[in-house]
Amino acid sequence: MKPTVTFASCLFAIVSVGAVVGACSSDSTPASDAGTTTDGQVSPTDAQTAADGSTPDTSTPAKDAAVPPPGATEFPAFEGAFVAYANGGKFFGYKEVAKDVDLDASKVTGNVYTAFFNDSGNRFVVTLPARTAGTFDLSATVKVEVSIALGADRAEGALANGKIEVVEAGDKKLKARFYGDTGGVKVHGAMDATLLP
């Protein structure tokens, strides 16, 4: 009877040590396995990589990056005073929503609307030939100049190869949305902003 108890005790000790070693080794999961969950399902990032061969740049995640940017020729929805999407280079999957207009820095001069925002590094200047509602091609007379920030990086310049849809252009307010590209970055924006007190 005595040997049986000893054997059972040793077996219990071996199983306990094995469980401890297994628990310790599970904490040090290799980086290559990080995309697979414990039930064998592949994470969305790995699924995208496998599907199209691309690897998303996740080194500097943008706010609300889970929301994909609009298509190349789509106007974005209105959100807050200004929403900006960008795609290209470090701005992959970028989205920023600004709600607080800097009324001291923003201005309306004739048909030129300049807006700055207190709660983001974004700003824009829209130049229209007239305060007329409609959809216009970006040109020398219809311009959208943007400056969007992602940390220390900034994409800025006049947009080309795009359009602007003007919904309302008044003495103090601009409601419009646009798309285009600058410096290899595709930018989409929608503003519904009162720029003067």
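Right, let's walk through the structure included here. Owing to the predicted nature of the structure, the values given are computational and were not obtained by experimental measurement. (Residues numbered from 1 in each chain as written. Predicted model: local features only at pLDDT ≥ 70, side-chain atom pairs only at ≥ 80, totals over all residues. Heavy atoms only, no water.)

**Description of the overall build of the protein**
Cut-off, in case you're wondering: Working definition: helices are DSSP H or I runs of at least four residues, strands are E runs of at least two. Numbering for both runs from the N terminus. Three exposure classes are used, based on accessible area relative to the maximum for each residue type with a 1.4 Å probe and protein chains only: buried under 20%, partly exposed in between, and exposed over 50%. The contact criterion used throughout is that any non-hydrogen atoms of two residues lie within 4.5 Å. For accessible areas, the Shrake-Rupley method is used with a probe of radius 1.4 Å. Any residue's cover is judged against the shown protein chains and nothing else.
A count of helical and extended segments in the protein gives two helices and 11 strands. Ordered by position in the sequence, the α and β elements of the protein form the string α-α-β-β-β-β-β-β-β-β-β-β-β. Out of the 197 residues in the protein, the part that is buried amounts to 32%. In the protein, 49% of the contacts between residues at least 6 apart in sequence involve partners at least 24 apart. In the structure as shown, the protein presents an accessible area of about 11200 Å², 58% of it carried by carbon and sulfur atoms.

**Quick notes on the sheet that holds strand E9 (residues 160–169)**
What counts here: By the convention used here, strands pair only if DSSP detects at least 2 bridges between them. A fitted line through C-alpha atoms serves as each axis, taken over the contacting stretch for helices, and the angle formed by two N-to-C directions is quoted from 0 to 180°.
Spatially, the six strands line up as an open sheet ordered E2-E1-E11-E10-E9-E6, and their pairing is antiparallel. Each end of this open sheet is capped by a strand with a single partner; those strands are strand E2 (94–98) and strand E6 (134–137). For this sheet, the mean angle separating the axes of adjacent strands, direction not counted, is 10°. Of the pairings in the sheet, the one linking strand E1 (residues 82–87) to E2 comprises five bridges and is antiparallel in character.

**Details of the environment of Ala149**
For Ala149, the location among the structural elements is in strand E7 (residues 143–150). The exposure class assigned to Ala149 is buried, which follows from its relative accessible area of 14%. Measuring from C-alpha to C-alpha, the distance between Ala149 and Gly121 comes to 5.2 Å, with 28 residues separating the pair along the chain. With sequence-adjacent residues up to four places away left out, Ala149 is seen in contact with Phe91, Tyr94, Gly121, Asn122 and Arg154.

**A closer look at the nonpolar core**
The following threshold applies: Nine residue types can take part in a nonpolar core, namely buried Ala, Val, Leu, Ile, Met, Phe, Trp, Tyr and Cys, and a core is a set of them joined through side-chain atoms within 4.5 Å.
Membership of the largest hydrophobic core comes to 34 residues, with the highest contact counts inside it found for Val126, Leu128, Ile164, Leu174 and Phe178. In this structure, Ile164 is in contact with Phe75, Val126, Leu128, Gly134, Thr135, Phe136, Leu138, Val142, Val144, Ala176, Arg177 and Phe178, ignoring residues within four places of it in sequence.

**Thoughts on the pattern of salt bridges**
Formally: By definition, a salt bridge exists where a carboxyl oxygen of Asp or Glu is found within 4 Å of a side-chain nitrogen of Lys or Arg.
Taken as a whole and assessed by the stated rule, the structure comprises nine salt bridges. For Glu165, the salt bridge is made with Arg177, and the minimal N-O distance between the two is 2.4 Å. You can see Glu165 sitting in strand E9 and its partner Arg177 sitting in strand E10 (residues 173–182), a full 12 residues away along the chain. Three or more residues joined by partner-sharing salt bridges are found here, namely Glu168, Lys173, Lys175 and Asp192.

Interpretation note: all reported values are geometric properties and have no functional meaning in isolation.
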